[in-house]
Amino acid sequence: MAPTAEEEEGSSMDVDTPEPKAADAKKKNENVTPSASAADASKYPDMALAQSIHRLAMITGPEARLDAEGAKACDIPSDLSDSVMKQVGGEEVENPSLYRHLMTTLGWEGKAGCLSDADLAAMESRHKTKMEELEKKVDEAKENAGDMEVLDARFDVARFAAKSLSKDEALDAYEKVLALPKLSSGKKIDCLMEGARVALFHGDNKKTAELIEKAAKLAEDGGDWDRRNRLKVYSSLSKLLVRDVKDAASLLIDCIATFSCTELCSYTEFVVYTIVSNILYIPRTELKSKIIDGPEILSVANEIPVVARLVNALYDCDYKGYLQAMVELQPILVADRYLQPHSGYIMRELHVLGYKQFLDSYKSVTLESMVASFGVGTEYLDLQLSRFIAAGRLTAKIDKFGGVVETNRPDLKNAQYKDMIQKGDLLLNRIQKLARVVDL
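The paragraphs below set out a description of the structure included in this document. Fair warning: this is a prediction, and the values are worked out from it, not measured in the lab.

**With respect to the overall build of the chain**
Scanning the chain from N- to C-terminus turns up 23 helices and three strands. Counting every position in the chain, which comprises 440 residues, the buried fraction comes to 48%. Across the chain, contacts joining residues at least 24 apart in sequence account for 69% of those joining residues at least 6 apart. When the accessible surface of the chain is split by element, carbon and sulfur atoms take 52% of a total near 22,300 Å².

Here it is in structure tokens:
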């Protein structure tokens, strides 16, 4: 069964991978050891919680896109709403501003176990007292201790704000860390990455990109290898969120062997992002060595059967299996907060990729043969091909009377010649403009 055109258009990009069993989780933690700077990174905001909140929004939110069958396919537990409610309102997080937001968007009001306004007000009062205590420790460190103690005290304030206060309060607390004198470039990078994680948790992609860019500039001048490597992971996920999939794919594949940013996502999720992004861009000759036979990917292949089946079916030219894997991939995309906004784009590009690879093998092929290979209906395939041909995504034409699809392979030499002529014209125009300015 292939996805309908309506499902493809309405889909959104979010990769959801099945939650590992307890034994698998232990094994995964043994395989991925956090680096020195990653081990010092704040646990909060908890990006696993952000993923859970996203999945809840996709099931019960105002723009829900996952039905019961899709949630089951992604192994989303039925009690996810209760567990998130307890986590956000309980001692682990205790974030009243986030709790109020979720009460509205997820319809928690009136549900059993939902905190009252009085409970949230009491929580805010406790946080105010806690912040005063932490600020007092900062003042004491300034008076009686050295720069390192002041830095540690400032980080304590910022990390508490990241866990239990609003986005703006947390980012303001990290700005105060950056404002400290004699702050090393390494600590500045750590601070910017933690601030970027706060923005990422709250879905502020613009602020995330801004903070990562600042950190990248510092890393170019004086960052160590470990921080530069972790920063590449932050940058790749930031680019993925804004649909810069090509650049994200390159960064993801570079980081897969040295991944240590477990505070951002699990290693299994990172492998999913790597496969889904790279399958769209890397040449087929590299697909086998870098993805299918990659040792890091093989280590978690059993945890991501749908994604593994998708890439193997494409490489083996099993187009019927490829489309079936795409159908199963759809809820996985929707259930992941990094991929969900772009699932429609990903599904469309995967369709183009499959059709293009098939047509590249023929000068002409009958629609019946193509229908049999992909396991779809003639009308559906005709509609799909017509759309992609009209959009210039496939270099082919359909002979509806003869029931044949003819491929028009572009002449590479002619294309390069035309490109050279266009660039030459632009260069001449610029030289003429410069000459006129010089003459004046």
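Structure shown, so let's carry the discussion forward.
**Some thoughts on the side chain of R227**
Among the structural elements, R227 can be located in helix α13 (residues 225–241). A relative accessible area of 14% means that R227 is categorised as buried. A distance of 2.7 Å separates the side chain of R227 from the side chain of D224, its partner in a polar contact.

**Things to note about the sheet that holds strand β2 (residues 396–399)**
Across the sheet, which stays open at both edges, the three strands sit in the order β1-β3-β2 with antiparallel pairing between neighbours. Two strands in the sheet have a free side with no partner beyond their single neighbour: β1 (364–366) and β2. Across the sheet, the mean angle separating the axes of adjacent strands is 20° when strand polarity is ignored. In terms of strand pairing, β2 meets strand β3 (residues 404–407) through four bridges, oriented antiparallel.

**A few points about the packing of helix α7 (residues 96–105) against helix α8 (residues 117–144)**
Taken N-terminus to C-terminus, the directions of α7 and α8 make an angle of 155°; their axes are 9 Å apart at the nearest point. Classified by the interaxial angle, the pair formed by α7 and α8 is roughly antiparallel. Between α7 and α8, the residues in contact are P96, Y99, R100 and M103 and D117, L120, A121, M123, E124 and H127, respectively.

**With respect to the pattern of salt bridges**
According to the stated counting rule, one finds 22 salt bridges in the structure shown. Between E194 and R159 there is a salt bridge, and its shortest N-O distance comes to 2.6 Å. Within this pair, whereas E194 is found in helix α11 (residues 185–201), its partner R159 is found in helix α9 (residues 147–164), the two being separated by 35 residues in sequence. Across the salt bridge formed by R230 and E263, the nearest N and O atoms sit 2.6 Å from each other. In this pair, R230 sits in helix α13 while E263 sits in the loop between α14 (245–255) and α15 (267–278), placing the two residues 33 residues apart along the sequence. Here R230 falls in the buried class, since its relative accessible area comes to 2%. Residue classification places E263 among the buried positions, given a relative accessible area of 12%. Salt bridges linked by common partners bring D190, D224 and R227 together as one network.

**Topic: the packing of aromatic side chains**
Applying the stated criterion to the full structure yields ten aromatic pairs. Look at F358 and F374: their rings are 5.4 Å apart centre to centre, the planes differ by 65°, and that puts the pair in the edge-to-face class. Remark: F374 occurs in helix α21 (residues 367–374) and F358 occurs in helix α20 (residues 343–359); sequence separation between them is 16 residues. We classify F358 as buried; its relative accessible area is 3%. Judged by relative accessible area, F374 falls into the buried class, the value being 1%. A cation sits over an aromatic face here: K163 above Y44, 5.9 Å from the ring centre. One Lys or Arg, R284, reaches over the ring of Y315 and ends 4.5 Å from the middle of that ring.

**Brief notes about α15**
Compared with the 16 Å implied by 1.5 Å per residue over twelve residues, the 16 Å span of α15 between its first and last C-alpha is a close match. With twelve of its twelve residues buried, α15 lies for the most part within the structure. Taken together, the buried positions of α15 are occupied by Y267, T268, E269, F270, V271, V272, Y273, T274, I275, V276, S277 and N278.

**Concerning α20**
In this model, α20 (17 residues) spans 24 Å end to end at C-alpha, consistent with the 24 Å of a helix rising 1.5 Å per residue. Where burial is concerned, most of α20 is hidden: 14 out of the 17 residues are buried.

The rules we used
Throughout this document, residue positions are counted from 1 along each chain, in the order its sequence is written. Given that the model is predicted, a residue must reach a pLDDT of at least 70 before its local features are reported, and side-chain atom pairs must reach 80 or more before they are shown or counted; all residues, however, enter totals for whole chains, interfaces and linings. Excluded from the side-chain calculation are hydrogens and water; included are all heavy atoms of the structure. Note on conventions: DSSP H or I runs of at least 4 residues are helices, E runs of at least 2 residues are strands, and numbering of each starts at the N terminus. For each residue, the accessible area found with a 1.4 Å probe, counting protein chains only, is set against the maximum for its type, and the residue is called buried under 20%, exposed over 50%, and partly exposed in between. Here, residues are in contact when the closest pair of their heavy atoms is within 4.5 Å. Every accessible area reported is derived by Shrake-Rupley at a probe size of 1.4 Å, with residue values counting cover from the shown protein chains alone. Identification of polar contacts relies on pairs of N or O atoms within 3.5 Å, with a donor-acceptor requirement for protein atoms, meaning one able to donate a hydrogen and the other able to accept it, and with residues adjacent in sequence counted only if both atoms are side-chain atoms. Pairing between two strands requires that DSSP report at least two bridges joining them. Between N-to-C directions, angles cover 0 to 180 degrees, with each direction set by a line fitted to C-alpha atoms, over the stretch in contact for helices. By the definition adopted for this analysis, an angle is roughly parallel if under 35 degrees, roughly antiparallel if over 145, roughly perpendicular if from 65 to 115, and oblique otherwise. The salt bridge definition used is simple: a Lys or Arg side-chain nitrogen within 4 Å of an Asp or Glu carboxyl oxygen. The rule is short: rings of Phe, Tyr and Trp, with Trp giving its six-membered ring, pair when the centres are within 6.5 Å, and they are stacked under 30 degrees, edge-to-face over 60, tilted in between. We call a charge positioned over a ring when the NZ of a Lys or the CZ of an Arg lies within 6 Å of the ring centre and within 35 degrees of the ring normal. Multiplying 1.5 Å by the helix residue count minus one yields the expected span of that helix.

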